[in-house]
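# Structural features, examined
Each chain is listed here by its residues.
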Amino acid sequence: MPLLQIVVNLLHNAKYACEASNRPDKRVTVRAKAAGPDRVKVEVTDNGIGIPPENITRIFSQGFTTRKDGHGFGLHSGALAAKHLGGTLTVQSAGVGCGATFTLELPLHPPAETKKVFD
């Protein structure tokens, strides 16, 4: 379930970023691929409003948001859940107006203690 929650949150954020942009060609792309022999990578890329450089380092901080109606818990909790699953959640953006790519990387077989936390 945590994997689904992370991906749904990333898709929701990408949709919002596209809606907030003035681009007529709004696009969200999801890619899943191997990231080594025992890891998988899921990328959610949008061509929305992008992320200013000063926000890249803060984007996963608890309570950080740039939206009026945001709470700043989605990306923070997604990063924590990824860590509990033995993975990472990262972001790249060339800046405002350039969209963003969020990358979730996870082991194919999560650590045994993860099963206890999420069962």
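Here is what the cut-offs are and how they apply
- Residues numbered from 1 in each chain as written.
- Predicted model: local features only at pLDDT ≥ 70, side-chain atom pairs only at ≥ 80, totals over all residues.
- Heavy atoms only, no water.
- Helix = DSSP H or I, 4+ residues; strand = E, 2+ residues; numbered from the N terminus.
- Rg over C-alpha atoms; globule rule 2.2 N^0.38 Å.
- Buried < 20%, exposed > 50% of the residue type's maximum accessible area, 1.4 Å probe, protein only.
- Contact = heavy atoms within 4.5 Å.
- Areas by Shrake-Rupley, 256 points an atom, 1.4 Å probe, with all protein chains shown as cover.
- Lys, Arg positive; Asp, Glu negative; His and termini not counted.
- Charge placed at Lys NZ, Arg CZ, Asp CG, Glu CD.
- pLDDT = per-residue confidence, 0-100.
- Salt bridge = Lys/Arg side-chain N within 4 Å of Asp/Glu carboxyl O.
- Pairing = 2+ DSSP bridges.
- Axes fitted to C-alpha atoms, helices over the stretch in contact; angles between N-to-C directions.
- Left-handed = near helix turned anticlockwise from the far one by under 90°.
- Nonpolar A, V, L, I, M, F, W, Y, C, P; charged D, E, K, R; others polar.
- Core = buried A, V, L, I, M, F, W, Y, C linked by side-chain atoms within 4.5 Å.

Secondary structure summary: the chain contains 4 helices and 4 strands in total. Reading the helices (α) and strands (β) of the chain from amino to carboxyl end gives α-β-β-α-α-β-β-α. Taking 119 residues into account, the globule formula puts the C-alpha radius of gyration at 14 Å, and the chain, at 15 Å, falls close to it. Summarising its shape, the C-alpha atoms of the chain cover approximately 45 × 30 × 25 Å along the three principal directions. In the chain, which comprises 119 residues, the share counted as buried stands at 38%. Restricting the contact set of the chain to residue pairs at least 6 apart, pairs at least 24 apart contribute 58%. If you sum the accessible surface of the chain, you get close to 7,400 Å²; carbon and sulfur atoms cover 57% of it. Each charge class in the chain can be summarised by its mean position, and for the 14 positive and 10 negative side chains these summaries are 2 Å apart.

Right, let's get into the confidence of the model for the chain. Across the chain, pLDDT averages 91, with 93% of residues at or above 70. When pLDDT is averaged over each helix and strand of the chain, the minimum, 58, is found for helix α4 (residues 112-118) and the maximum, 98, for strand β3 (residues 88-92).

Attention now moves to the pattern of salt bridges. Applying the stated rule across the entire model yields 5 salt bridges. Note that Asp69 is salt-bridged to Arg67, the shortest N-O span being 3.9 Å.

Attention now moves to the pairing of strand β4 (residues 100-107). The two faces of the sheet receive side chains in turn, since in a regular strand these alternate between them. In terms of burial, β4 is a largely internal element, 7 of the 8 residues being buried. Looking at chain direction, strand β2 (residues 39-46) and β4 are connected through 8 bridges and run antiparallel. Residue Thr45 lies in a different strand from β4, and its bridge partner there is Thr101. Pairing analysis gives 5 bridges linking β3 to β4, with the strands arranged antiparallel. Directly across from Thr88, in β4, lies its bridge partner Glu105.

Helix α3 (residues 74-84) packs onto helix α1 (residues 2-19) with a crossing angle of 145° between their chain directions and a minimal axis gap of 10 Å. In terms of crossing hand, the pair formed by α1 and α3 is left-handed. Taking contact as the criterion, the partners of Pro2, Ile6, Asn9, Leu10 and Asn13 in α1 are, on α3, Gly74, Leu75, Gly78, Ala81 and Ala82. Broken down by class, the residue content of the contact of α1 with α3 amounts to 6 nonpolar, 4 polar and no charged.

Below, the discussion takes up the nonpolar core. The biggest cluster of nonpolar side chains holds 19 residues, and the ones touching the most others in it are Ile6, Leu10, Phe60, Val91, Phe102 and Leu104. For this core, the secondary structure elements donating two or more residues are α1, β2, α3, β3 and β4. In contact with Leu104, not counting residues within four places along its chain, are Leu3, Ile6, Val7, Val40, Lys41, Val42, Ala82, Thr88 and Leu89.

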